[in-house]
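# Architecture and fold: a report
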Amino acid sequence: MTPRQRRITLVIGILAGVAVAGALTLSAFRENVMFFFDPSQVAGGDAPIDQRFRLGGMVKPGSVDRVAGSLEMSFVVTDFQQDVRVVYSGVVPDLFRENQGVVAHGRLGTDGVFVADEILAKHDENYMPPEVARAIKEKHGGVMPVNPDVRSVPRT
Amino acid sequence: MIAEIGHFTLILALLAALAQSFFGLAGPGLERPSWTQATRPAVWVQFLVTTLSLAMLVAVFVQNDFSVEYVAANSNSALPLLYRVSAVWGAHEGSLLLWAWILVAWTLAVALLSRSLPEPFAARVLGVLGLISVGFLAFTLFTSNPFLRLDPAAPDGRDLNPLLQDPALAAHPPMLYAGYVGLAVAFAFACAAMIEGRLDQTWARWTRPWTTVAWAFLSIGIALGSWWAYYELGWGGYWFWDPVENASFMPWLVATALIHSLAVTEKRGLFKSWTLLLAIMAFSLSLLGTFLVRSGVLVSVHSFAADPARGMFILAFLVIIIGGALTLYAWRAPLLRSEAGFEFTSRESFLLFNNILLVVAAAAVFVGTMAPLISDALGLGTLSVGRQYFDPVFLLPSLPLLALAAVGIHSGWKKGRISDRRQSILLALLGGVLLTLVLVLGVWEGAKILTPVGFALGLWLMLSALIDPIDRWRRKLSMTRAVIGMAIAHLGLGLFVVSITAVESYTSERDLALAVGESGRIDQFEYRLEGLSTVEGPNYDALRGEIRVFENGKEIGLLHPEKRNYWVQRQVMTEAGIDIQLGRDIFAALGEDLGAGRWSVRAQVRPLINYVWFAAFLMALGGVIAATDRRYRGRPEPAA
């Protein structure tokens, strides 16, 4: 091969490699990206069954239920219009509390109960996950109901 | 009064930075030597006033002056002195001032160590650095002034976020910023070279040590952040693909590509325009990282600061800096043609593939980090990208990268004479495979598919990195710092891969529900809760558990995890109990009261996890050693 041919082969090889990497990245992306749904969307049947997604809202006061001494627990996530019951087994974050914003990762069962494998609550008592704040505000004419402490922006 | 001095010196710093960029750029441009010569004094002035400004901010924190809003928001009279100082960069305003100070400190270092550079070139480098200073100082002054007064003064402060009251996190921002800002030096060198339209091997020789040191700081900064997240957030992992983590990891990947590409430009005069592009990209990603972390556009576990106006300012700054540099690049890059060719098995082509794979990896991380923002901005739905995406797309380019590194570090320039070293490389591979078998079959049991692959690649790279120094030692050849540094850095990379493989393959973890006197099992380990007591710290009280850990009935550790309640912010915090052993960490974090006298306990045993951070430190150490090589000190030889 002449140097010119060799260079062209090299360039074609690199382009092919980058194209393959790009295609694999995109397919990995399509399969593994997680969408966010609020309780109204879940109740309306928008959320997929048996596919992982993020459920966000407020922990409904009085809904946290636990068998004493066990890691199994359940609570209700609400956007003040619709509720979704969540079951979870494990350690919850420090700031998991009633009337606080929460995001749960998991799957929705056919019985309408959300089985969470991960619970996120933010590390600031006034912090609201922005997506939760927006989902709730949309349903209340742009204002945040109930808890006056909740702001959409964390204190810096 | 002290706050006012700080505020005033900050204004002076902005003026000095303006003067520095004006003299540095206009002097050589209009060929006015007296202006050019004024650049270095301007750097000195900017350094002195910025230092004074930062010192004033430290002083108001140390004095507990709660009439300053920033102090009142981030400190408290009960806060220990160390954290009163680190609270200076505990939030947005102060960390920007710290950034500006580190930038001017780097600039001063460049001013002092660039005496042997042609005067106009050095002035241009300082001028570009001055422009970046102007951006950051204006940003601090106009949107995020830490010296604003609070009237009336607060009786006491709202305290530093308890999560940040930690020695590793006190050091994390300065290290990370030193890395980010160090990449500004490479960027300024690139811009100066493009303005002059001249980019020779001397240029690469000048840029290289600065970039390598910046990269080393960045490595240590990221490792400290990762270590902190491990023991402080109570989740027990070392990396979460959190957007804020990615924001620092992307510049690191591109900077890694840059230090390798600079090697080619220095030794062979090739890849010139590519090197320039990488220098621009590395600094742009640093700025983007700042934008992502500081603007609050990210949904993150630790986006501490958020303000849309600040976000817009950084975005505009980003557009000006990146847009300007890329325009300059489009105009000047065609001048920088590389003439020489190289063979397929030469070091040049190994480094070419190194660069492609690193940039592909950075692009994959970029896509995953930015997609949620873009999808959100376009109204396509709120989505999130987690480790199910990042793990495979990052591994894909990384695995071939490691194999190429194990071979490529022995390739020669230009012609490529791997055959000289073929035996040693194969011997290292054989050694790696044998050690892998020992680890998989002897030390730990069982394996996932990637476990032997990870071990073999990591061990191969470690052994391969040692070939050259051992060979030189046996043949009594000179051992330059470049050789030692390169060997240590690649040894560190190999160790990093081995330790990550062990952590990912052999971690035992489970959440347990334990009452005092009860025990729970994870694999061959048994956690027994011996007792719970109340303890008191300087600004918190805590419930402290005492947990004994047994392996196959034999006691192997005693842990004291705490659940702290910080008084001022009324925030509950988990302080994990960790027993650091030679080959593993035994970890426990207290969860919550489950009722019936039981507490939830997060129990984990992670093999080799400490070596993840130690390996990052080795890589950084290798970088620093290589950057202090003899050829970078003293006067450079004339360009080849």
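Keep in mind that this is a model prediction, so the values were computed, not measured.

## A look at the overall build of chain B
- Helix and strand content of chain B: 18 helices and 11 strands.
- In terms of overall size, chain B behaves like a compact globule, its C-alpha atoms giving a radius of gyration of 26 Å where 640 residues would be expected to give roughly 26 Å.
- On the principal axes, the C-alpha backbone points of chain B span a range of 80 × 75 × 55 Å.
- Counting the 640 residues in chain B, one finds 56% classified as buried.
- Partitioning the intrachain contacts of chain B with sequence separation of at least 6 by distance along the chain shows that 74% fall at a separation of at least 24.

## Here's the deal with the domain arrangement of chain B
Residues and elements named next belong to chain B.
- Split by domain assignment, chain B resolves into domain 1 (1-160) and domain 2 (508-610).
- Across the contact, six residues belong to domain 1 and five residues belong to domain 2.
- For the side of domain 1 that touches domain 2, a count of residues per class yields three nonpolar, one polar and two charged.

## What to know about the packing of helix α10 (residues 243-268) of chain B against helix α13 (residues 347-377) of chain B
Residues and elements named next belong to chain B.
- Viewed as axis vectors pointing N to C, α10 and α13 meet at an angle of 165°, and their least axial separation amounts to 9 Å. In terms of their interaxial angle, α10 and α13 are classed as roughly antiparallel. As α10 runs across α13, the sense of the crossing is left-handed.
- Of the residues belonging to the contact of α10 with α13, the class tally is 15 nonpolar, seven polar and two charged.

## Concerning helix α9 (residues 201-232) of chain B
- Over its 32 residues, α9(B) runs 46 Å from end to end, which matches the ideal 46 Å to within 8%, given 1.5 Å per residue.
- At B:Thr207, α9(B) shows its largest bend, some 25°, and a proline, B:Pro209, comes one to four positions later.

## Quick notes on the sheet that holds strand β10 (residues 584-595) of chain B
Residue and element names in this part refer to chain B.
- Taken together, the four strands give an open sheet; going across it, the order is β2-β11-β10-β9, and neighbouring strands pair in antiparallel fashion. The open sheet terminates on both sides in strands that have one partner only, identified here as β2 (508-515) and β9 (577-580). Adjacent strand axes in the sheet meet at a mean angle of 20° when their direction is disregarded.
- Note that β2 and strand β11 (residues 598-607) share eight bridges and pair antiparallel. What sits directly across from Arg510, in β11, is Ala603.

## Section: unusual backbone geometry
All names here are of chain B.
- Residue Pro152 follows Asp151 across a cis peptide bond; omega there is 0°.
- Although it is not a glycine, Asp523 adopts a positive phi angle of roughly 45°.
- Mapped onto the elements, Asp523 comes out in the loop between β3 (519-522) and β4 (525-536).
- For Asp523, a count of 12 C-beta atoms within 10 Å puts it in the exposed group.
- Phi is positive for Ala596, close to 55°, though the residue is something other than glycine.

## Observations regarding the nonpolar core
- If you look at the biggest cluster of nonpolar residues, it comprises 226 residues, and the most contacted ones within it are B:Ala186, B:Val254 and B:Ala282.
- The leading source of residues in this core is helix α8 (residues 167-196) of chain B, at 21 residues.
- Per-domain counts for this core show at least three residues from each of domain 1 (1-160) and domain 2 (508-610) of chain B.
- Ranked by size, the runner-up nonpolar core spans 28 residues in total, among them A:Met58, A:Met73, A:Val84 and A:Val103.

## Details of the pairing of β4(B)
Residues and elements named next belong to chain B.
- Relative to β4, β3 runs antiparallel, the two being bridged by four bridges. Bridge pairing in β4 places Gly520 opposite Tyr527.
- Hairpin connection of β3 to β4: two residues between the antiparallel strands, including Asp523 at a positive phi of 45°.
- In the sheet, β4 pairs with strand β5 (residues 540-551) via 11 bridges, with the strands oriented antiparallel. Residue pairing across strands places Gly531 opposite Glu546, the latter belonging to β5.
- Counting the residues in the hairpin turn of β4 and β5 gives three residues.

## Focus: the packing of helix α3 (residues 39-62) of chain B against helix α7 (residues 119-143) of chain B
Residue and element names in this part refer to chain B.
- Direction vectors running N to C along α3 and α7 enclose 35°, while the axes themselves pass 10 Å from each other. At the point where α3 passes α7, the crossing takes the left-handed sense. Between α3, through Thr39, Val43 and Gln46, and α7, the contact on the second element is made entirely by Ala123, Leu126, Gly127 and Ser133.
- A breakdown of the residues in the contact of α3 with α7 according to their chemical character gives three nonpolar, four polar and no charged.

## Examining the confidence of the model for chain B
Residue and element names in this part refer to chain B.
- Model confidence for chain B is summarised by a mean pLDDT of 89, while 95% of its residues fall at 70 or above.
- Of all secondary-structure elements in chain B, the lowest mean pLDDT belongs to strand β1 (residues 383-385), at 82, while α3 reaches the highest, 97.
- Throughout residues 299-305 the model reports pLDDT below 50, and contacts reaching past four residues in sequence, or to other chains, amount to 23 contacts.
- Contacts from residues 636-640, a stretch scored under 50 in pLDDT, to residues over four places away or in other chains number seven contacts.
- What the predictor reports for the complex is a pTM of 0.90 with an ipTM of 0.77.

## What about the confidence of the model for chain A?
Residues and elements named next belong to chain A.
- With 79% of its residues at a pLDDT of 70 or more, chain A shows a mean pLDDT of 79.
- Averaged over each element, pLDDT in chain A is lowest for helix α3 (residues 130-138) (69) and highest for strand β5 (residues 83-89) (94).
- Taken together, the stretch residues 146-156 has pLDDT below 50 and engages in 24 contacts with residues farther than four places along the chain or on a different chain.

## Concerning the pairing of strand β2 (residues 53-59) of chain A
Residue and element names in this part refer to chain A.
- Of all seven residues making up β2, seven are buried, and the element is well covered by its neighbours.
- Across two bridges, the pairing between strand β1 (residues 33-37) and β2 is parallel. Following the sheet pairing, Phe37 is matched in β2 by Leu55.
- One ladder, built from six bridges, connects β2 with strand β6 (residues 101-108); its direction is antiparallel. Bridged to Gly56 within β6 is Val103.
- Taken together, the two bridges between β2 and strand β4 (residues 72-78) define a ladder with antiparallel strand orientation. In the sheet register, Met58 faces β4, and the bridge partner there is Thr78.

## Quick notes on the environment of A:Gln82
Residues and elements named next belong to chain A.
- Its location among the elements puts Gln82 in the loop between β4 and β5.
- A count of 16 C-beta atoms within 10 Å places Gln82 in the partly exposed class.
- With 39 residues separating them along the chain, Gln82 and Ala43 place their C-alpha atoms 6.8 Å apart.
- Sequence-distant contacts of Gln82, that is, excluding residues within four places in its chain, are made with Pro39, Ser40 and Ala43.

## So, the environment of B:Trp206
- As for its position among the elements, B:Trp206 is in helix α9.
- B:Trp206 has contacts with B:Leu117 and B:Phe189, leaving out every residue within four places of it along the chain.

## Overview of the environment of B:Leu57
All names here are of chain B.
- Mapped onto the fold, Leu57 is located in helix α3.
- Residue classification places Leu57 among the buried positions, given that 28 C-beta atoms sit within 10 Å.
- Every residue in contact with Leu57, bar those within four places of it in the chain, is listed here: Gly6, Val88, Gly94, Leu97 and Pro146.

Quick notes on the rules
- Residues numbered from 1 in each chain as written.
- Chains lettered and ligands numbered in written order.
- Predicted model: local features only at pLDDT ≥ 70, side-chain atom pairs only at ≥ 80, totals over all residues.
- Helix = DSSP H or I, 4+ residues; strand = E, 2+ residues; numbered from the N terminus.
- Rg over C-alpha atoms; globule rule 2.2 N^0.38 Å.
- Buried ≥ 20, exposed ≤ 12 C-beta atoms within 10 Å, placed from the backbone.
- Contact = placed C-beta atoms within 7 Å.
- Domains from an automatic or database assignment.
- Nonpolar A, V, L, I, M, F, W, Y, C, P; charged D, E, K, R; others polar.
- Axes fitted to C-alpha atoms, helices over the stretch in contact; angles between N-to-C directions.
- Parallel < 35°, antiparallel > 145°, perpendicular 65-115°, else oblique.
- Left-handed = near helix turned anticlockwise from the far one by under 90°.
- Expected span 1.5 Å × (residues − 1).
- Bend = angle between axes of the 7 residues up to and from the residue.
- Pairing = 2+ DSSP bridges.
- Core = buried A, V, L, I, M, F, W, Y, C linked by C-beta atoms within 7 Å.
- pLDDT = per-residue confidence, 0-100.

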